[in-house]
Amino acid sequence: MSDLKPGAPAARSLLDTVAAADDELTTATPSTATGGGVRGEGKLPRRTFKRYFRETGWRHLVGIGVAIFAIFPLLYIFSASLNPGGTLLTANALFSNFNFESYADLFNSPRHPYGAWFINTLVIGLITAAGTVILGALAAYSFSRMRFTGRRFGLTTLLVVQMFPQMLAAVAIFLLMVAIGDIFPALGLNTQIGLIMVYLGGALGVNTYLMYGFFNTVPSSIDEAAKIDGAGHARIFFTIILRLVAPILAVVGLLSFIGTASEFMLASVILIDPEKQTLAVGLYKFVSDEFSKNWSIFAAGAVLAAILPVALFLALQRYIVGGLTAGSVK
Amino acid sequence: MTTPTIEEPDTAEAPRPTKRARRAARIAEAASGGWKVLLFKVIALGIIDAMALYAILVLVQSDQWVIAGVVLAVTAFANWIYFSRGHLPAKYLIPGLIFLFVFQIFAAGYTGYVAFTNYGTGHNSTKESAINALMLSAQERVPDSPAYELTIVEQLGELSFLVTDPDGDVRLGGEERPLEPVDNAEMDGGKAVGVPGYNTLSFAQIVADQQRIADMSVPISDDPNDGALRTPDGSVAYAYVSKLVYDEAADTMTDTRTGVVYSDNGTGAFTAPDGTELLPGWQIFVGFDNFTRAFTEESIRAPFFSVLTWTFVFAFLSVFLCFAAGLFLAIVFNDPRMKSKRYYRVIMILPYAFPGFLSALVWAGMMNQEFGFINVVLFGGADIPWLTNEWLAKFSILLVNLWLGFPYMFLICTGALQAIPDELQEAARVDGASAWQVFRNIKLPLLFVAVAPLLIASFAYNFNNFVLIYMLTGGGPRDVSAGVNVGATDILISMVYKVAFVGSTADYGLASAFSIIIFLLVGTISVIAFRRTKALEELV
């Protein structure tokens, strides 16, 4: 853990933890079964309840308490979404009603084009994620495999640039997009291509660091073997390296997708027409306009909007571990 | 990561390849590439070049020579890189770097530039266009002025006035294009009805474009004081002159009705002797004015400092609370005897996986004072102002951020704890250390080494945690006495956003100055903190 790159926290540690936790699942279970000499109590046929409680029982109490805290708002919003025509007040009667009408209403109101928001978010998120992965992987490959003047400088610059996040430059980006829009209306303010280009401006940086670290773990003997077999750098990169580093590509892609999908500040500044906005901007405007009146419709929108990121997140845990254990090294 | 990194030290650059090695590499390169790769390369670059060429043409047409030059240079450079042999790193780096330069480095630099101007509502263009806009907005029809026979003509989507003077001269002009004589117009009974190269608009087209035509104002000559022609109906034009008169030599605006003289005294707008400004003004360089305003102007300084303090308190407490909770849970669940940890873990990760902006909105609903779940159900109909009382709003924000952030810290701490070898603990226990001592003196320092960079990153993230603040409380409750639009729970970044984009007035200059201040603060703190964690690492 100690060689964690400072700029690459989230996914890196996620990789470690999840891997560790899954190891523990396979290794720790037998060790509890055999009792394994921890102060000898495993040999006893049965612990007294008092003892059990002092050693592990209270942990379950803590766990249940935390689990309730963690899951309650999610259950609340799910329940609210099943209560059609509901307001904030009626949402308080949890699970008193099971009806999917709000979900239908969501797509039938011209004042909040939810379907358009959803598709916009998907399209912007996916293109940005793909672009981020491609641009980041290209850069990471050159930093990891090539030695050139300015390499160290480039890597440090990427870290330093990250200290001025794009959010801080929102004003400048807005003015820049206005200027671009004057000349190229298709790329400037109020266009999704423009927003994607802005997001890709942040494609290098943390992501490159994350991938760079992972690229370094792929032995360069693989490249050299391929080179001897007559493969050029492009072939090595696209057909060998990219496959070996697939887990980190997936992680970066996912983080970028989730980050883009919930980004509010730049999206709200650049996208003006309601039909062009993303879920974050649209749902915020929707809630702030008519807060308590259409709570169940918002709830339905929130549930739908959250399903994909949550599912991806949970599914990817397994994928990462799979990628790690299948291993790239022969 | 447990896998070793295989980075070579930078100082030991690889030895210069020999001539033979280079030739071998070239042959291998050529043999592996093949015509498909080359074809792909040509097509991809061809598309990019075509787009760049189009961009350059459009830019040249709108007189943006500098930008056109930059686009040309970048495209030429990219072509040279991709078609030459070698320059391998550049081939891989260029695509990302172009975006990085335009939308991050240039944007950062431009933020710095804007911070030194008075850019904002009322000051958003050049002096020339401000003068034009002023004169346009003050236009009035000249009493008893002659009527000009008018035909509206169109070329490439741009409308022009084809005007027949009362004395028979035919002239043509458009928006910002003063009237010029035309000699080959098609005449119809003393009225010009068409001119070669232009389409004459039919009545139906005029009706369809009525608003645009009514808004047109065609200067009679180069001198803005001569006035302009406008048409109410598309068939007759009248002369309008501005009640403002611009005196180019003295650089003053005179209101012909009141006689007040407005002069340019360097504030970016024409100003009367009594201090009233004519808006729109124009953009000027104001030096450190915006920064000085942030620190000295009373109506901005007070809210600025309270926002600054709260930003630090919020970021620090958020990291601290989340870390404490995450560490506690990691220790609780890091016991091999405990079963079904996996289920707890999945449930606890959920807040982290749930999109942040939705969480904030959901919590805002639950914390609603009148109808929210917390007041109505949990507190049995109490009327607790969770989001509208200054201190409770701050508490609520910390609580929601704890909900959002503890799973991440839990994951990190679990990982870090499991990475600490058990032997250390066993050795300490053999030496007679208590469980607490083991934790305090062995595990905690080791843990800190691993997670300190993440804590700093988390601090920097929370320092700019715009979504949470803006979606949960909107920065409110509003501080009504402040000269800028801020509330009790606003942090610096949400203040930047509100100053620039919320409300009827925008002050881009001031907002950019705040951005620069935030950058300096976060940058300084991060650098210091990273230095200290390095020291920590060496210590252990």
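For chain B, the name recorded in an unreviewed UniProt entry is Maltose/maltodextrin transport system permease protein, with Microbacterium immunditiarum as its organism. Its UniProt record gives chain B the following Function (unreviewed entry) comment, quoted word for word: "Part of the ABC transporter complex MalEFGK involved in maltose/maltodextrin import. Probably responsible for the translocation of the substrate across the membrane." The heading Sequence similarities (unreviewed entry) in the UniProt record of chain B holds the text "Belongs to the binding-protein-dependent transport system permease family. MalFG subfamily."

Looking at an unreviewed UniProt entry, one finds chain A named Arabinogalactan oligomer/maltooligosaccharide transport system permease protein and attributed to Microbacterium immunditiarum. Heading Sequence similarities (unreviewed entry) of the UniProt record for chain A holds this comment: "Belongs to the binding-protein-dependent transport system permease family. MalFG subfamily." The UniProt entry for chain A carries the following text under Subcellular location (unreviewed entry): "Cell membrane".

Looking at helix 6 (residues 170-183) of chain A
Residue pairs three or four apart in sequence face the same way in an α-helix, which turns once every 3.6 residues. Residue and element names in this part refer to chain A. For helix 6, spanning 14 residues, the distance from its first C-alpha to its last is 20 Å, which sits close to the expected 20 Å at 1.5 Å a residue. Burial analysis of helix 6 places 10 of its 14 residues in the buried class, the great majority of the element. The set of residues buried in helix 6 consists of Ala 170, Val 171, Ala 172, Ile 173, Phe 174, Leu 175, Leu 176, Met 177, Ile 180 and Ile 183.

Describing the packing of aromatic side chains
Scanning the entire structure with this criterion turns up 54 aromatic pairs over all chains. Arranged with centres 5.0 Å apart and planes meeting at 90 degrees, the rings of Phe 116 of chain B and Phe 288 of chain B form a pair that is edge-to-face. Of this pair, Phe 116 of chain B sits in the loop between helix 3 (88-115) and helix 4 (127-137) while Phe 288 of chain B sits in the loop between strand 16 (277-278) and helix 7 (289-296); the two residues are 172 residues apart in sequence, bridging distant segments of the chain. Owing to a relative accessible area of 22%, Phe 116 of chain B belongs among the partly exposed residues under this scheme. By way of ring pairs, the aromatic residues Phe 174, Phe 264 and Tyr 284 of chain A together with Tyr 119, Phe 466, Tyr 470, Tyr 497, Phe 501 and Tyr 508 of chain B are connected into one cluster. Between the NZ or CZ atom of Lys 394 of chain B and the centre of the ring of Trp 391 of chain B, over which it lies, the distance is 4.8 Å.

Notes on the UniProt feature "domain: ABC transmembrane type-1" (unreviewed entry) in chain B
Per the UniProt record, the feature "domain: ABC transmembrane type-1" (unreviewed entry) sits at residues 308-529 of chain B. For residues 308-529 of chain B, the helix share is 73%, the strand share is 0%, and the end-to-end C-alpha distance is 19 Å.

Focus: the domain arrangement of chain A
Residue and element names in this part refer to chain A. What the domain assignment reports for chain A is domain 1 (49-104) and domain 2 (113-328). Relative to domain 2, the C-alpha centre of domain 1 lies at a distance of 32 Å. At the junction of the two partners, domain 1 supplies 14 residues and domain 2 supplies 13 residues. With both sides pooled, the region where domain 1 packs onto domain 2 buries about 930 Å², and carbon together with sulfur makes up 75% of that total. Taken as a group, Ile 77, Leu 88 and Tyr 103 account for 51% of the area that domain 1 buries against domain 2, more than any other trio of residues on that side. Summed over the shared surface of domain 1 and domain 2, the result is 0 salt bridges. Where domain 1 touches domain 2, the interface holds 2 residue pairs in polar contact (both at pLDDT 80 or more). Among the secondary structure elements, those contributing two or more residues to the side of domain 1 that touches domain 2 are helix 2 (49-81) and helix 3 (101-106).

Quick look at helix 10 (residues 356-366) of chain B
Burial runs high along helix 10 of chain B: 10 of the 11 residues are buried. Listing the buried residues of helix 10 of chain B in full gives Phe 357, Leu 358, Ser 359, Ala 360, Leu 361, Val 362, Trp 363, Ala 364, Gly 365 and Met 366 of chain B.

Observations regarding the sheet that holds strand 13 (residues 252-255) of chain B
Residues and elements named next belong to chain B. What the 5 strands build is an open sheet, ordered 12-13-14-15-16; its pairing is antiparallel. Each edge of the sheet is formed by a strand with only one pairing partner; in this case those strands are strand 12 (244-247) and strand 16. In this sheet, strand 14 (residues 261-264) lies alongside strand 13 in antiparallel orientation, the contact comprising 3 bridges. Bridging from a neighbouring strand, Met 253 pairs with Tyr 262 of strand 14. Those strands touched by helix 4 are strand 12, strand 13, strand 14, strand 15 (270-271) and strand 16, and its axis lies near 150 degrees from that of strand 12.

Here's the deal with the interface of chain A and chain B
Taken together, the contact pairs 115 residues of chain A with 112 residues of chain B. Taking both partners together, chain A and chain B bury about 10,500 Å²; carbon and sulfur atoms supply 75% of that area. A per-residue breakdown of the area chain A buries against chain B is headed by Met 163, Phe 164 and Leu 168 of chain A, which together make up 6% of the total. Across the contact surface, chain A and chain B share 0 salt bridges. For the side of chain A that touches chain B, the leading source of residues is helix 2 of chain A, giving 18 residues. Class assignment of the residues belonging to the side of chain A that touches chain B gives a composition of 80 nonpolar, 23 polar and 12 charged.

Side note on the nonpolar core
Formed by 168 residues in total, the largest nonpolar core has its most connected members in Phe 264, Trp 295 and Phe 298 of chain A together with Phe 357, Leu 358, Tyr 508 and Phe 514 of chain B. No other element matches the 15 residues that helix 8 (residues 298-333) of chain B contributes to this core. The residues touching Phe 514 of chain B, leaving out its near neighbours within four places in the chain, are Ala 294, Ile 300, Phe 304, Met 495, Val 496 and Val 499 of chain B. With 34 residues, the next largest nonpolar core counts Leu 138, Leu 158, Ile 241 and Leu 249 of chain A among its residues.

Observations regarding unusual backbone geometry
Residues and elements named next belong to chain A. Look at Phe 95: it is not a glycine, yet its phi comes out positive at around 50 degrees. As for its position among the elements, Phe 95 is in the loop between helix 2 and helix 3. Judged by relative accessible area, which is 32%, Phe 95 ranks as partly exposed. One non-glycine residue, Asn 190, adopts positive backbone phi at about 65 degrees. Relative to the elements of secondary structure, Asn 190 occurs in the loop between helix 6 and helix 7 (192-200).

Some remarks on the environment of Phe 410 of chain B
Residue and element names in this part refer to chain B. By the secondary structure assignment, Phe 410 is in helix 12 (residues 390-419). Residue classification places Phe 410 among the buried positions, given a relative accessible area of 5%. Linking Phe 410 and Ile 213, residues 197 residues apart in sequence, is a C-alpha distance of 65 Å. Here Phe 410 is in contact with Gly 326, Leu 329, Ala 330, Phe 333, Arg 345 and Met 348, once residues within four sequence places are set aside.

Observations concerning the domain arrangement of chain B
Examined at the domain level, chain B breaks down into domain 1 (25-114), domain 2 (127-278) and domain 3 (296-539). The centre of domain 1 of chain B, based on its C-alpha atoms, is set 41 Å off from the matching centre of domain 3 of chain B.

Rules used in this analysis
- Residues numbered from 1 in each chain as written.
- Chains lettered and ligands numbered in written order.
- Predicted model: local features only at pLDDT ≥ 70, side-chain atom pairs only at ≥ 80, totals over all residues.
- Heavy atoms only, no water.
- UniProt positions renumbered as here; feature names shortened; annotations may be inferred.
- Helix = DSSP H or I, 4+ residues; strand = E, 2+ residues; numbered from the N terminus.
- Expected span 1.5 Å × (residues − 1).
- Buried < 20%, exposed > 50% of the residue type's maximum accessible area, 1.4 Å probe, protein only.
- Phe/Tyr/Trp six-rings, centres within 6.5 Å; stacked < 30°, edge-to-face > 60°.
- Lys NZ or Arg CZ within 6 Å of the ring centre and 35° of its normal.
- Domains from an automatic or database assignment.
- Contact = heavy atoms within 4.5 Å.
- Buried area = accessible area lost by both parts, 1.4 Å probe.
- Salt bridge = Lys/Arg side-chain N within 4 Å of Asp/Glu carboxyl O.
- Polar contact = N/O pair within 3.5 Å; in protein donor to acceptor, adjacent residues only side chain to side chain.
- Pairing = 2+ DSSP bridges.
- Axes fitted to C-alpha atoms, helices over the stretch in contact; angles between N-to-C directions.
- Nonpolar A, V, L, I, M, F, W, Y, C, P; charged D, E, K, R; others polar.
- Core = buried A, V, L, I, M, F, W, Y, C linked by side-chain atoms within 4.5 Å.

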